[in-house]
Amino acid sequence: MLRVKTVAFLGAGSMAESMISGIVQTGSIPAERIHVTNRSNQLRLEEMNRVYGVHAVHQDALPYEEIDFFILAMKPQGAADALDALKDKIRVDQVVISVLAGISTEFMENHLQLGQQVVRLMPNTSSMIRESATALCPGRHTAMDNVIAVKELLGCMGKVFLIEEEHMDIFTGIAGSGPAYFYYLMEHMEHAGVKKGMDEAMVREIVAQTILGAAKMIMVNDETPASLREKVTSPNGTTASGLDALRKNNGGRAISQAIHHAAKRSKELNEEMAVAYIKSTNPPREMGNFSTIKGRCMS
Ligand SMILES: NC(=O)C1=CN([C@@H]2O[C@H](COP(=O)(O)OP(=O)(O)OC[C@H]3O[C@@H](n4cnc5c(N)ncnc54)[C@H](OP(=O)(O)O)[C@@H]3O)[C@@H](O)[C@H]2O)C=CC1
Ligand SMILES: O=C(O)[C@@H]1CCC=N1
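Summary of the structure given here. Treat the numbers as computed from the prediction; the structure is a model and nothing was measured.

Rules of the game
- Residues numbered from 1 in each chain as written.
- Chains lettered and ligands numbered in written order.
- Predicted model: local features only at pLDDT ≥ 70, side-chain atom pairs only at ≥ 80, totals over all residues.
- Heavy atoms only, no water.
- Pairing = 2+ DSSP bridges.
- Helix = DSSP H or I, 4+ residues; strand = E, 2+ residues; numbered from the N terminus.
- Contact = heavy atoms within 4.5 Å.
- Axes fitted to C-alpha atoms, helices over the stretch in contact; angles between N-to-C directions.
- Near = heavy atom within 4 Å.
- Polar contact = N/O pair within 3.5 Å; in protein donor to acceptor, adjacent residues only side chain to side chain.
- 1 Å grid on protein atoms, 1.4 Å probe; cavity = no way out; pocket = protein on both sides within 12 Å on 5 of 7 lines; lining within 4 Å.
- Sits in = over half its atoms within 2 Å of the grid points.
- Salt bridge = Lys/Arg side-chain N within 4 Å of Asp/Glu carboxyl O.
- Buried < 20%, exposed > 50% of the residue type's maximum accessible area, 1.4 Å probe, protein only.
- Right-handed = clockwise from strand over helix to strand, strands pointing away.
- Points joined across faces, edges and corners; volume = space filled by probe spheres on them.
- Core = buried A, V, L, I, M, F, W, Y, C linked by side-chain atoms within 4.5 Å.

**So, the sheet that holds strand β7 (residues 132-138)**
Part 1 of the argument: Ordered in space as β3-β2-β1-β4-β5-β6-β7-β8, the 8 strands form an open sheet in which the pairing is mixed. Of all strands in the sheet, those bounded by a partner on one side alone are β3 (55-56) and β8 (158-162).
Part 2 of the argument: Its contacts with the sheet place helix α3 (residues 79-87) against β1 (7-10), β4 (69-72) and β5 (95-98), and it is angled at close to 160° to β4.

**Some words on the site of ligand 1**
Part 1 of the argument: Not every one of the 22 residues close to ligand 1 is listed here, only the nearest: Ala12, Met15, Arg39, Gln59 and Met74.
Part 2 of the argument: Here a nitrogen atom of ligand 1 sits 3.3 Å away from a polar atom, N or O, in the main chain of Gly11.
Part 3 of the argument: Side-chain polar atom of Gln59 to a nitrogen atom of ligand 1: 2.7 Å apart, as the coordinates give it.
Part 4 of the argument: Its atoms largely coinciding with the cavity grid, ligand 1 occupies the second largest pocket.

**Observations regarding the pattern of salt bridges**
Part 1 of the argument: Across all of its chains, the model carries 15 salt bridges by this definition.
Part 2 of the argument: For Arg91, the salt bridge identified is with Glu65, shortest N-O distance 3.9 Å. Of this pair, Arg91 sits in the loop between α3 and β5 while Glu65 sits in the loop between β3 and β4, and the two are 26 residues apart along the sequence.
Part 3 of the argument: Judged by its relative accessible area of 60%, Glu65 falls in the exposed class.
Part 4 of the argument: As a salt-bridge pair, Arg91 and Asp93 come within 3.0 Å of each other at their nearest N and O atoms.

**As for the pairing of β5**
Part 1 of the argument: Both faces of β5 are covered, namely the face carrying Val95 and Ile97 and the face carrying Val96 and Ser98.
Part 2 of the argument: Crossover β4 to β5 through α3 is right-handed.
Part 3 of the argument: Sheet topology places β5 next to strand β6 (residues 117-122); 4 bridges connect them, and they run parallel. The residue of β6 that forms the bridge with Val96 is Val118.
Part 4 of the argument: Tracing the backbone out of β5, into helix α4 (residues 105-111) and back to the parallel element β6 gives a crossover that is right-handed.

**Topic: the layout of surface pockets**
Part 1 of the argument: Considered as a void within the structure, the second largest pocket measures approximately 1000 Å³ in volume.
Part 2 of the argument: Lining the second largest pocket are 39 residues, and of these Ala73, Met74, Lys75, Pro76 and Leu100 lie nearest its centre.
Part 3 of the argument: Within the residue set of the lining of the second largest pocket, elements represented by two or more residues are α1 (14-26), α3, α6 (168-176) and α11 (251-281).

**With respect to the nonpolar core**
Part 1 of the argument: If you look at the biggest cluster of nonpolar residues, it comprises 54 residues, and the most contacted ones within it are Phe9, Val96, Leu121 and Leu153.
Part 2 of the argument: Among all residues touching Leu153, those that are not within four sequence positions of it are Leu2, Val7, Ile23, Ile29, Phe69 and Ile71.
Part 3 of the argument: If you look at the next biggest cluster of nonpolar residues, it comprises 7 residues, including Met122, Cys137, Ile163 and Ala175.

**Let's talk about the pairing of β7**
Part 1 of the argument: Of all 7 residues that make up β7, 5 are buried, and the element is covered over most of its length.
Part 2 of the argument: Direction of pairing for β6 relative to β7: antiparallel, over a ladder of 4 bridges. Counterpart to Leu121 in the pairing with β7 is Leu136.
Part 3 of the argument: Both β7 and β8 contribute to a ladder of 5 bridges, which runs parallel. What sits directly across from Thr134, in β8, is Val160.
Part 4 of the argument: The parallel pair β7 and β8 is bridged by helix α5 (residues 144-155), and the resulting crossover is right-handed.

As C-alpha cells, then:
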C-alpha cells in the first residue's frame with residue numbers, strides 16, 4: 001500500500017531529514033515519490049536531493065494534487081501560517097501530518113477545511129537509523145486505512161505507539177526530547193573517562209556500547225529496570241557507591257524534572273500558538289478580557 005503513496009515534507013530541517021533517511025533506507029516509498037520543501041534555504045534543498053535523491057523543490061512547485069501525506073516539519077511557531085497556506089490548496093481526503101511539538105490535532109483541524117484528515121506524531125531523531133520511538137495520534141476525521149498507512153510509514157523509522165492525545169505532551173518529554181538526555185549523560189560519562197586519561201574515541205564507544213547493552217537487556221528480558229539495576233549492584237560494591245552518589249545528588253529527581261519540564265513546554269507551545277492566533281485574528285479593541293479569550297480557546 002505504501003509504495004503507491006506520495007509524501008511531501010514541509011520543512012527540511014533535522015527532523016524531516018531523519019524521517020526521510022528512514023523511509024529511503026527501507027525503500028517502502030521510492031525516493032521519486034518523496035518531496036521536500038522549505039521557505040528559503042535553497043542550499044539545504046539541493047543537499048537533500050543530492051543525499052537522498054528526493055524531489056527538493058520550492059513550495060510553489062509542489063504537485064499538491066498528487067500528494068497523499070503532507071508532513072509538517074517546521075518549528076511549532078510556524079504552524080498556523082503553514083496550515084493556513086495549505087488549507088485552500090488541498091482536498092479533505094489528503095492527510096495532513098504534523099511532527100510539531102505541542103500542536104494538537106484540534107489546532108490543526110481548526111486551521112484546515114471542515115472534515116480534514118489530520119495525524120499528530122512525535123518521532124525522534126533516531127528515525128535516521130530506523131530506531132525512533134514514535135507516537136501516533138489521529139484526528140477526529142481520519143479514516144482507519146490512512147491511520148494504518150501512516151503507521152506503516154512510521155514503521156520504516158522504528159517503533160510506533162498509538163497514543164491518546166492527552167499523553168502526547170508527556171510522550172514528547174520522554175521520547176521526543178529523550179535522545180538529548182542520553183546524549184547529555186553520554187557527554188558526562190565520556191568526560192569522566194577522558195579526564196582520567198582515556199582515549200576520547202575509545203571511551204565514546206565504550207559509553208555507547210554500555211547504553212546500548214542496557215537498553216537491549218530491557219528489550220529482550222521480561223524484567224523491570226529496577227530488577228536489572230539490582231543485579232548490577234553488589235553489596236558494598238562499586239555500583240552501590242555510584243548509585244549512592246546519584247541519589248545524594250538528586251539524580252532521579254533531575255531526570256524526572258527534565259521530562260516534566262519538556263512536557264510542560266509542549267503544552268505551553270499549543271497554548272501560545274492558540275493565543276497568538278486569536279490575537280492575529282481579533283483587532284485589539286474587540287479582544288476584551290484576554291484571560292477569558294484564552295480560556296474559551298483552550299476549552
Ligand atoms: N529535532 C527533533 O529532535 C525533533 C523535532 N520535532 C519537531 O520537528 C519540527 C522541526 O524541527 P527541526 O527539524 O529540529 O527544525 P529545523 O529548524 O532544523 O528545521 C525547520 C525547517 O522548516 C523550514 N520551514 C520553516 N517554516 C516553513 C514553512 N512554512 N513551510 C515549509 N518549510 C518551513 C525551515 O527552512 P526555511 O527557514 O528555509 O523555511 C527548516 O528547513 C519542530 O516542530 C519540532 O517540534 C519533533 C520531534 C523531534
Ligand atoms: O526540542 C524540541 O522542541 C523538539 C521536540 C522534541 C525534540 N525536539
